[in-house]
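# Fold and geometry: a report
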Amino acid sequence: MTLAALGDWLKTHQPGIRRLQWSVVLVYALLVGLPAFLDLPDRAQHLWNSLTLFAQFVFWGLWWPLVLLATLLLGRVWCGFLCPEGMLSELASAKGLGHSPPRWMRWGGWPFAAFALTTLYGQMVSVYQYPKPALLILGGSTLAAIAVGYLYGRNKRVWCRYLCPVNGVFGLLAKLSPLHFKVDPLAWGQSQERHQPLPSFNCAPLVPVRNMQSAAACHMCGRCSGFRESVELSWRSPFSEIVTVAGHKPSSWESALILFGLMGVALGAFHWSGSAAFIALKQALAEALVEMGILWPLEATAPWWLLTDYPQLNDVMTILDGVALILFILGLMLFAGGALAVLILAASLICGTARVWRSFHHLVQALIPLAGAGVILGLSALTVSILKSEGIVLPAVAEVRATLLGLAALASIHLGWKILALYAQGWRRLAAMAPMLGAVGLGTAVWGSLFWS
Ligand code: SF4
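The rules behind these values
- The residue numbers shown here count from 1 along each chain, following its written sequence.
- Given that the model is predicted, a residue must reach a pLDDT of at least 70 before its local features are reported, and side-chain atom pairs must reach 80 or more before they are shown or counted; all residues, however, enter totals for whole chains, interfaces and linings.
- Working from all heavy atoms in the structure, the side-chain values ignore hydrogens and water.
- Only protein chains enter the calculation, and the probe is 1.4 Å; a residue is then buried if its accessible area is under 20% of its type maximum, exposed if over 50%, and partly exposed in between.
- The way it works is that DSSP assigns letters per residue, a run of H or I at least four long becomes a helix, a run of E at least two long becomes a strand, and they are numbered from the N terminus.
- The contact rule is simple, with two residues in contact once any of their heavy atoms fall within 4.5 Å.
- Any pair of N or O atoms that falls within 3.5 Å is considered a polar contact. Within protein, one atom must be able to donate a hydrogen and the other to accept it, and sequence-neighbouring residues count only if both atoms are side-chain atoms.
- When a carboxyl oxygen of Asp or Glu is within 4 Å of a side-chain nitrogen of Lys or Arg, the pair counts as a salt bridge.
- Only the contacting stretch of a helix is used when fitting its axis, a line to C-alpha atoms as for every element, and angles between N-to-C directions run 0 to 180 degrees.
- Here roughly perpendicular refers to angles of 65 to 115 degrees, roughly parallel to angles under 35, roughly antiparallel to angles over 145, and oblique to all remaining angles.
- When residue character is reported, Ala, Val, Leu, Ile, Met, Phe, Trp, Tyr, Cys and Pro are called nonpolar, Asp, Glu, Lys and Arg charged, and the others, Gly included, polar.
- Think of it this way: one heavy atom of a residue within 4 Å of a molecule or strand is enough to make that residue near it.
- A pair of strands is considered paired only if DSSP assigns at least 2 bridges between the two.
- Planes of paired rings set the category: under 30 degrees apart is stacked, over 60 is edge-to-face and the rest tilted, where pairs are Phe, Tyr or Trp rings (Trp by its six-membered ring) whose centres lie within 6.5 Å.
- Here, a charge over a ring is recorded when the distance from Lys NZ or Arg CZ to the ring centre is within 6 Å and its angle to the ring normal is within 35 degrees.

## Quick notes on helix H10 (residues 185-193)
Listed in full, the buried residues belonging to H10 are Ala-187, Trp-188, Gly-189 and Ser-191. Buried residues along H10 sit against strand E1 (179-183) and strand E2 (231-235). Taking the backbone nitrogen of Leu-186 as reference, a side-chain oxygen 3.1 Å away marks Asp-184 as the first, capping residue of H10. Positive phi appears at His-195, one or two residues downstream of H10, with a value of about 55 degrees.

The following block contains the structure:
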């Protein structure tokens, strides 16, 4: 079967995809919902005799890293074929009120704001460790997706397009996917001129398909495959979109998501629990409070839906812990994201082009491989630690991590070099590569310090 035929096969097998989505809804409800109503496992229980531990491992240790990896390799197939939120939102929208998405919903900052806030809140309530916060965050997100679907759009996925907290991250990773639906606008126009009556299709995530050049918003559902003989599932170089398309519409919010979201908030979320700097910050805050005679933040706690609160497992965050956590993650976000931004701005200025901000936003996109690999490796650290606590030691973990991080750094260097060629030649291109190498080196070092510090 050719790739184009595979795309057409997806189009003609939508009922089968819908059944697959329903089965994922059931598994999702079981893994996310049921453990929240069970007693927390004690230390004698294991993956194989505790649904809570099993669900934690499957959901955070396998499911999420694989979803990110699949998006990187195959585009947003998770969104198109499997995601329960997208499917339920689209179903609700089929029966809903059909309003147009309001202006506030179309604000370009949502992908960054929703990702940063959800990640921060997830750490405050220990979403990876406990089932109630997982149900609150993921179940709450599913209910919001259904409500938005009911209110806005007709047979659409307005939630996925504008508000889903991982929409921005999935969009960035999909830009590297070697698989995409390629559109030939010329063939589309010629077909229109022939005035042939054609069956229409429904692009649920509201992609303007005729002009689609990026895989970022496409859910790979295949419904447009073969339309006007101009849409085809195809291979491409994983670097082509970032080099040739990503510079057309520079987006400050996308740059913020890469620099301060993935290389900042996500980095801080993986780092804080094992960080000596976090302990030092907490001690400094505690000493300052004691000196001022304000002692209650050192002892006061909050309900589990605000701060981690499981006294039966000796896992409780005080108000001081919570404040230190927020300050640490925001501090790391400003330090890492800010330093990367300065280095890339320097590269952009060295280019000497009048389009400084355009080249800056374009060059930031070169960090997507590094940011994506970091988040995947960060999540997979949970996989490794859960298995280790069960006595299962995976072989060559350090070597695999070093290889993936190294490959991602090389991909970012390659992208930086290619993008610079669009803005500078000769010595300027070479000189601008120095701060780009600095940015890639810094990014590699901060992710590497998660495993080798
Ligand atoms: S452009 Fe829309 S209809 Fe076509 S595959 Fe992507 S999501 Fe589906």
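## A look at unusual backbone geometry
Residues other than glycine seldom take positive phi values, yet Met-220 does so here, at roughly 60 degrees. In this model, Glu-229 sits at a positive phi of 50 degrees, which is unusual for a non-glycine residue. With respect to the secondary-structure elements, Glu-229 resides in the loop between H10 and E2.

## Quick notes on the pattern of salt bridges
Counted according to the given criterion, the structure contains five salt bridges. Arg-223 is the salt-bridge partner of Glu-90, the closest N and O atoms lying 3.0 Å from each other. You can see Glu-90 sitting in helix H5 (residues 84-95) and its partner Arg-223 sitting in the loop between H10 and E2, a full 133 residues away along the chain. What emerges from the salt-bridge pattern is a single network uniting Glu-90, Arg-157 and Arg-223.

## What to know about the packing of helix H2 (residues 14-33) against helix H7 (residues 131-151)
Running from N to C, H2 and H7 point in directions that differ by 140 degrees, and their axes come no closer than 9 Å. Comparing their axes, H7 and H2 come out oblique. The residues of H7 that touch H2, namely those facing Tyr-28, Val-32 and Gly-33, are Pro-131, Ala-134, Leu-135, Leu-138 and Thr-142. Classifying every residue of the contact of H2 with H7 gives six nonpolar, two polar and no charged.

## Overview of the site of the ligand
Around the ligand, the surrounding shell consists of Phe-181, Cys-203, Pro-205, Val-209, Met-212, Cys-218, His-219, Met-220, Cys-221, Gly-222 and Cys-224. Taken together, the residues that form the shell around the ligand break down as nine nonpolar, two polar and no charged.

## Some words on the environment of Met-263
Mapped onto the fold, Met-263 is located in helix H12 (residues 252-271). The residues contacting Met-263, other than those within four sequence positions of it, are Ile-258, Ala-336, Gly-337, Leu-340, Leu-370, Ala-371, Gly-443 and Trp-447.

## Quick look at the pairing of E1
The buried count for E1 comes to four of five residues, which makes it a mostly enclosed element. As paired elements, E1 and E2 share five bridges and run antiparallel to each other. Each residue of the ladder has a partner; that of Leu-179, found in E2, is Trp-235.

## Focus on the packing of aromatic side chains
Taken as a whole and judged by the stated rule, the model has 20 aromatic pairs. A ring pair is formed by Phe-201 and Phe-227, whose centres lie 4.9 Å apart and whose planes are at 70 degrees; its orientation type is edge-to-face. Residue Phe-201 is located in the loop between H10 and E2, and its partner Phe-227 is located in the loop between H10 and E2; the two are separated by 26 residues in the primary sequence. You can call Phe-201 partly exposed: its relative accessible area is 23%. Judged by its relative accessible area of 15%, Phe-227 is buried. Put simply, the rings of Tyr-28, Phe-59, Trp-60, Trp-63, Trp-64, Trp-78, Tyr-128 and Phe-170 touch in pairs and so form one group of aromatic residues. One cation-aromatic arrangement involves Arg-429 over Trp-417; the distance from NZ or CZ to the ring centre is 3.6 Å.

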